[in-house]
Amino acid sequence: TQLLEQSPQFLSIQEGENLTVYCNSSSVFSSLQWYRQEPGEGPVLLVTVVTGGEVKKLKRLTFQFGDARKDSSLHITAAQPGDTGLYLCAGKTADFNKFYFGSGTKLNVKP
Amino acid sequence: NAGVTQTPKFRILKIGQSMTLQCAQDMNHNYMYWYRQDPGMGLKLIYYSVGAGITDKGEVPNGYNVSRSTTEDFPLRLELAAPSQTSVYFCASSRGSIWVGNQPQHFGDGTRLSIL
């Protein structure tokens, strides 16, 4: 079992559609990060959220940290083929400062 | 902008063989990490280093060894390759600790390793 559960595992959509992916846990996290990984490359950091309820925007990407700091979501508006990749959440637990990665959501945006 | 460089990109090993995965960073980062990424399992931390001469075990260290003789280099060694070590290996670095503060990790492009 993963401490950070990501859903859906796979998502295939048409260009122009909106989508939301989720990162959930039963543990409280002091911070959560979102990474995007393209095929054949390493993950690249998109954003870090640290405050419960925090919302951050990065162009068409909106990231939210849950009020209780147990979950996070990534919403993409008008998805483009360039958004295709594996989206990973990662975070540091509030109790023992352990760092975990989720298993990722694999997004395919078809032109 | 080299960042984190990993070599080789691909390798096939026979069971029982040994090899070293190379990792170098040019950002003068103190912290370096080795992860393995298996399908549907996310990234698991194998070993990490907080500076030259200092290394420690992560979540899945068995079957691996590391050394850190310089700030730049952090090689990962497999002594007796086993099929369970078939995976994609990523090296990462950060300026500060990922367990304190919110340091971003900078990843290399990975080494895809198959043990047959």
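Residues numbered from 1 in each chain as written. Chains lettered and ligands numbered in written order. Predicted model: local features only at pLDDT ≥ 70, side-chain atom pairs only at ≥ 80, totals over all residues. Heavy atoms only, no water.

Enquirer: I tried to follow the overall build of chain B on my own but got confused; where do I start?
Expert: A count of helical and extended segments in chain B gives zero helices and eleven strands. Taking 2.2 N^0.38 as the reference for a compact globule, 116 residues should give roughly 13 Å; the C-alpha atoms of chain B span a radius of gyration of 13 Å, in line with that estimate. Along the three orthogonal principal directions, the C-alpha set of chain B runs to about 40 × 30 × 25 Å. Put simply, chain B has 116 residues, and 47% of those count as buried. Long-range pairs, those at least 24 residues apart, make up 56% of the contacts in chain B between residues at least 6 apart in sequence. Counting only carbon and sulfur atoms, one obtains 52% of the accessible surface of chain B, whose full area is about 5,500 Å². The positive charge centre, built from 10 side chains, and the negative charge centre, built from 8, are 6 Å apart in chain B. (Helix = DSSP H or I, 4+ residues; strand = E, 2+ residues; numbered from the N terminus. Rg over C-alpha atoms; globule rule 2.2 N^0.38 Å. Buried < 20%, exposed > 50% of the residue type's maximum accessible area, 1.4 Å probe, protein only. Contact = heavy atoms within 4.5 Å. Areas by Shrake-Rupley, 256 points an atom, 1.4 Å probe, with all protein chains shown as cover. Lys, Arg positive; Asp, Glu negative; His and termini not counted. Charge placed at Lys NZ, Arg CZ, Asp CG, Glu CD.)

Enquirer: How do you make sense of the sheet that holds strand 6 (residues 55–58) of chain A when you look at a structure like this?
Expert: Within a beta sheet, neighbouring strands are joined by backbone hydrogen bonds and run either parallel or antiparallel to one another. All names here are of chain A. Taken together, the five strands give an open sheet; going across it, the order is 1-3-8-7-6, and neighbouring strands pair in antiparallel fashion. Strands at the two margins of the open sheet, each flanked by one partner only, are strand 1 (5–7) and strand 6. Neighbour to neighbour, the strand axes of the sheet diverge by 15° on average, direction disregarded. By the bridge criterion, four bridges tie strand 6 to strand 7 (residues 61–65) in an arrangement that is antiparallel. (Pairing = 2+ DSSP bridges. Axes fitted to C-alpha atoms, helices over the stretch in contact; angles between N-to-C directions.)

Enquirer: Would you explain the packing of aromatic side chains in this entry?
Expert: The relative placement of two aromatic rings is captured by the distance of their centres and the angle of their planes. With the rule as written, the count across this model stands at twelve aromatic pairs over all chains. Note on A:Phe99 and A:Phe101: the rings are 5.7 Å apart at their centroids and 75° apart in plane angle, and the pair reads as edge-to-face. Given the relative accessible area of 15%, A:Phe99 is considered buried. Each member of the aromatic cluster is reached from another via a ring pair, and the members are A:Tyr35, A:Phe99, A:Phe101, B:Tyr33, B:Tyr35, B:Tyr48, B:Phe90, B:Trp99 and B:Phe107. (Phe/Tyr/Trp six-rings, centres within 6.5 Å; stacked < 30°, edge-to-face > 60°.)

Enquirer: It is not clear to me how the interface of chain B and chain A should be interpreted in this structure. Could you clarify?
Expert: When the parts of a complex come together, some accessible area is lost, and that lost area is often taken as the interface size. The interface of chain B with chain A comprises 19 residues on the first partner and 22 residues on the second. Across the interface of chain B and chain A, roughly 1,500 Å² is buried in total on both sides, 50% from carbon and sulfur atoms. Here chain B is connected to chain A by zero salt bridges. One can count four residue pairs in polar contact (both at pLDDT 80 or more) joining chain B with chain A. (Buried area = accessible area lost by both parts, 1.4 Å probe. Salt bridge = Lys/Arg side-chain N within 4 Å of Asp/Glu carboxyl O. Polar contact = N/O pair within 3.5 Å; in protein donor to acceptor, adjacent residues only side chain to side chain.)

Enquirer: How should I be thinking about the environment of B:Arg77 in this particular structure?
Expert: Residue and element names in this part refer to chain B. Among the secondary structure elements, Arg 77 is positioned in strand 8 (residues 76–78). Residue class for Arg 77 comes out partly exposed when judged on its relative accessible area of 28%. It is 8.7 Å that separates the C-alpha atoms of Arg 77 and Gln 22, two residues lying 55 residues apart in sequence. A polar atom in the side chain of Arg 77 sits 3.1 Å from the side chain of Glu 79.

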